[in-house]
Amino acid sequence: MKLNDSQLATPWTLARRMDRMNFSAIRELLKLSDRPGIISFAGGLPSPKAFPVEEIAAACAKVLRDDASSALQYASTEGFLPLREAVTRMLPWPVDPAQVLITNGSQQALDLVAKMLIDPGSKLLVEMPTYLGALQSFAPLEPEVVAVGNDADGVDLDDLSRKAPGARFFYVLPNFQNPTGKTMGEAKRTELIARTAEAGLPLLEDNPYGDVWFDTPPPPPLAARNPDNVLYMGSFSKVLSPGIRMGFLVSPPAVSAKLVQLKQASDVHSPIFNQRMVAEVIKDGFLDRHVPKIRALYKAQRDAMLAALERELGGLGASWNKPDGGMFLWVRLPEGVDASALLPKAVDNGVAFVPGAPFYASDPDPRAMRLSFVTASVAQIDTGIAALGATLRQVLAR
Ligand SMILES: Cc1ncc(COP(=O)(O)O)c(C=O)c1O
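Just so you know, these numbers come straight off a predicted model, no measurement behind them.

What counts, and at which threshold
- Residue numbers restart at each chain and count upward from 1, following the sequence in its written direction.
- In view of the model being predicted, local features appear only for residues whose pLDDT reaches at least 70, and side-chain atom pairs are presented and counted only at 80 or more, with totals across whole chains, interfaces and linings using the full set of residues.
- Values reported for side chains reflect all heavy atoms of the structure, with hydrogen atoms and water molecules removed beforehand.
- Helix numbers and strand numbers start at the N terminus; a helix is a DSSP run of H or I with at least 4 residues, a strand a run of E with at least 2.
- Note on contacts: a residue pair is in contact if any heavy atoms of the two residues lie within 4.5 Å.
- Any Lys or Arg side-chain nitrogen found within 4 Å of a carboxyl oxygen on Asp or Glu counts as a salt bridge.
- Under the scheme applied here, a residue whose accessible area is under 20% of the maximum for its type counts as buried, over 50% as exposed, and between as partly exposed, the area being computed with a 1.4 Å probe on protein chains only.
- Any two strands with at least two DSSP bridges between them are considered paired.
- Axes here mean lines fitted to C-alpha atoms, for a helix over just the part in contact, with angles spanning 0 to 180 degrees between N-to-C directions.
- What counts as a domain boundary in this text is fixed by an automatic or database domain assignment.
- Only a single heavy atom is needed: when it lies within 4 Å of a molecule or strand, its residue is near that molecule or strand.
- Two N or O atoms form a polar contact when they lie within 3.5 Å of each other; inside protein one atom must be a possible hydrogen donor and the other a possible acceptor, and for residues adjacent in sequence the pair counts only when both atoms belong to side chains.
- Methods summary: accessible areas were calculated by the Shrake-Rupley approach with a probe of 1.4 Å, and residue burial reflects only the protein chains presented.
- We call Asp, Glu, Lys and Arg charged. Ala, Val, Leu, Ile, Met, Phe, Trp, Tyr, Cys and Pro are nonpolar, and the rest, Gly among them, are polar.
- A helix is expected to span 1.5 Å for every residue after the first.
- By definition, the arc is the one covered by directions from the helix axis to the C-beta atoms.

### A closer look at the side chain of Ser-106
1) Next: Mapped onto the fold, Ser-106 is located in helix H4 (residues 105-117).
2) Next: Those residues in contact with Ser-106 that lie beyond four places of it in its chain are Asp-206, Met-233, Gly-234, Ser-235 and Gly-247.

### Describing the environment of Val-87
1) Next: Its location among the elements puts Val-87 in helix H3 (residues 81-90).
2) Next: Once the C-alpha coordinates of Val-87 and Ala-50 are considered, the two residues, 37 residues apart in sequence, prove to be 20 Å apart.
3) Next: Each residue touching Val-87, except ones within four places of it in the same chain, is listed here: Val-100, Ile-102, Phe-236 and Phe-248.

### Examining the pattern of salt bridges
1) Next: Tallied over the full model, the rule gives 21 salt bridges.
2) Next: Across the pair Asp-158 and Arg-195 runs a salt bridge, and its minimum N-O distance is 2.9 Å. Residue Asp-158 is found in helix H6 (residues 157-163), and its partner Arg-195 is found in helix H7 (residues 186-199); the two are separated by 37 residues along the sequence.
3) Next: We classify Arg-195 as partly exposed; its relative accessible area is 22%.
4) Next: Of the charged contacts in the structure, one is a salt bridge between Asp-382 and Arg-311, with a shortest N-O distance of 3.1 Å. Here Arg-311 lies in helix H10 (residues 286-313) and Asp-382 lies in helix H12 (residues 378-397), a separation of 71 residues in the sequence.
5) Next: Among the ionic contacts, a cluster of salt bridges with common partners joins Lys-62, Arg-65, Asp-66, Glu-280 and Lys-283.

### Observations concerning the sheet that holds strand S2 (residues 100-104)
1) Next: Across the sheet, seven strands lie side by side as S2-S10-S9-S8-S7-S3-S4; this open sheet has mixed pairing. Either end of the sheet is taken by a strand with one partner, and the two such strands are S2 and strand S4 (144-148). Strand-to-strand twist across the sheet, computed as the mean angle between neighbouring axes with direction ignored, equals 20 degrees.
2) Next: Bridge analysis of S2 against strand S10 (residues 246-250) gives five bridges, and the strand direction is antiparallel. Counted as the bridge partner of Val-100 is Val-250 from S10.
3) Next: Running over the sheet, H3 touches S2 and S10 and is turned about 105 degrees from S2.

### Things to note about the domain arrangement of the chain
1) Next: Along its sequence, the chain is organised into domain 1 (5-51 + 289-397) and domain 2 (53-285).
2) Next: Averaged C-alpha coordinates put domain 1 and domain 2 at centres separated by 24 Å.
3) Next: Taken together, the links from domain 1 to domain 2 amount to two salt bridges.
4) Next: Between Lys-299 and Asp-215 there is a salt bridge; the shortest N-O distance is 2.7 Å.

### Overview of the site of the ligand
1) Next: Taken together, 13 residues sit near the ligand, with Ser-106, Asp-206, Tyr-209, Ser-235 and Ser-237 positioned nearest.
2) Next: Taking Arg-245, its side chain carries an N or O atom lying 2.7 Å from an oxygen atom of the ligand.
3) Next: For the ligand, the accessible surface in isolation is 390 Å², of which the surrounding protein chains cover 92%.
4) Next: Of the residues forming the shell around the ligand, the biggest block, three residues, is contributed by H4.
5) Next: Class assignment of the residues belonging to the shell around the ligand gives a composition of four nonpolar, six polar and three charged.

### A closer look at H10
1) Next: Here H10 spans 40 Å end to end across 28 residues, near enough to the 40 Å set by a 1.5 Å rise per residue.
2) Next: Positive phi shows up at Gly-315, right after H10, with a value of about 85 degrees.

### Quick notes on H7
An α-helix turns once every 3.6 residues. As a result, residues three or four positions apart point the same way.
1) Next: Taking 1.5 Å as the rise per residue, H7 with 14 residues should run 20 Å; its terminal C-alpha atoms sit 20 Å apart, in good agreement.
2) Next: Looking at H7, one finds that the buried residues are Lys-188, Arg-189, Leu-192, Ile-193 and Thr-196. Seen from one end, H7 has its buried residues packed into an arc of 135 degrees, which puts them on one side. Those residues of H7 that are exposed and aimed more than 90 degrees away from the buried face are Ala-187 and Glu-198.
3) Next: As for H7, its buried residues are in contact with strand S5 (150-151), strand S6 (154-155), H6, strand S7 (167-172), strand S8 (203-206) and strand S9 (230-235).

### Some details on unusual backbone geometry
1) Next: Residue Met-128 is joined to Pro-129 through a cis peptide bond whose omega torsion reads 0 degrees.
2) Next: For Pro-129, the location among the structural elements is in the loop between strand S3 (123-127) and helix H5 (132-138).
3) Next: The peptide bond linking Asn-178 to Pro-179 adopts the cis configuration, its omega dihedral lying at 20 degrees.
4) Next: Relative to the assigned elements, Pro-179 resides in the loop between S7 and H7.
5) Next: Within the chain, Asp-284 stands out as a residue other than glycine whose phi angle is a positive 65 degrees.

### Some remarks on the side chain of Glu-142
1) Next: Tracing the chain through its elements places Glu-142 in the loop between H5 and S4.
2) Next: A relative accessible area of 12% places Glu-142 in the buried class.
3) Next: Not counting chain neighbours up to four residues away, the residues in contact with Glu-142 comprise Arg-16, Arg-17, Arg-20, Asp-119, Pro-120, Gly-121 and Ser-122.

Written out as structure tokens, the structure is:
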């Protein structure tokens, strides 16, 4: 059974923070797309074709065979040391394993950082639009969330400088952003680092998609440029599997212990069996062999979606970007067309997407929508984008 808010009436006095916790409007809208036969570009899921099932099976067996007594026991909060050491080797700047905290997906890193840095009413800065799951993580801490404007390659730095005074941190996704697919250029990264250092504004850098580039790698992370002012989040969800819930948070040494204390209070440690399994899978350079296959798969699907959009929506007044990596493409519908209003009509025609509005902390763009190009097959992309074009033509004809 799925609950909606009206079913949650209770005589108990709930904490004030619960006023901020609601199922998102898109969750309700997307229930429509659960119907069989709907082609969905709405999900945020990686393709199951990218899961290295055999390697994971072999690693699980090996961990149980060789290390069962430790793998099934309680473990340290910081995480399995060989995995933390492997993480440091994946990063292009010097990191001590003591700075790496293994988390339950990078989503948990958002929760821990929020608890560490936000008091009720604290100002924090986010991009416009930004990852919806981060807004959900921050919400129970009751912050004042302020959106910073964006241009073609990311953050509007003048707007950032204006809004920086008094902010606790700026949450930023420089690579193949969710939802827009945009990547921040080299010059902007340099300038962003200079301005935030000057303003004393910490950065929370979220990089789950950075390895999933199509032609050339993105510029080095922000954390590589000023490690003492950046909290850096990474994830194994997009390169191995999201179901194993393995992510990591790299912090400046001055706050690493605070984050360990918060994690200990929250869940003691991330599943040690999964940590040992991941360490086993990725030893010997497995990701260097595996991730190029994901890049090739997703690039072909991106190209199929771009071609279908040109064919089916070209000339209708819509526009979209060409992401250089990641999983998402951002479409702006023609003047006067509201993506949330379009969704039920699109679902009637057999296709679903996510309207862009919920990704904005304020001033949503009603014309925006996010399309995932990674879970539908090329044939489904062709059929689904044709259905989207037909829906748009019906709406424009009225
Ligand atoms: C931008 C961003 N950050 C964080 C996450 C959380 O990922 P995970 O908890 O699976 O590492 C996601 C998931 O889609 C995401 O898109």
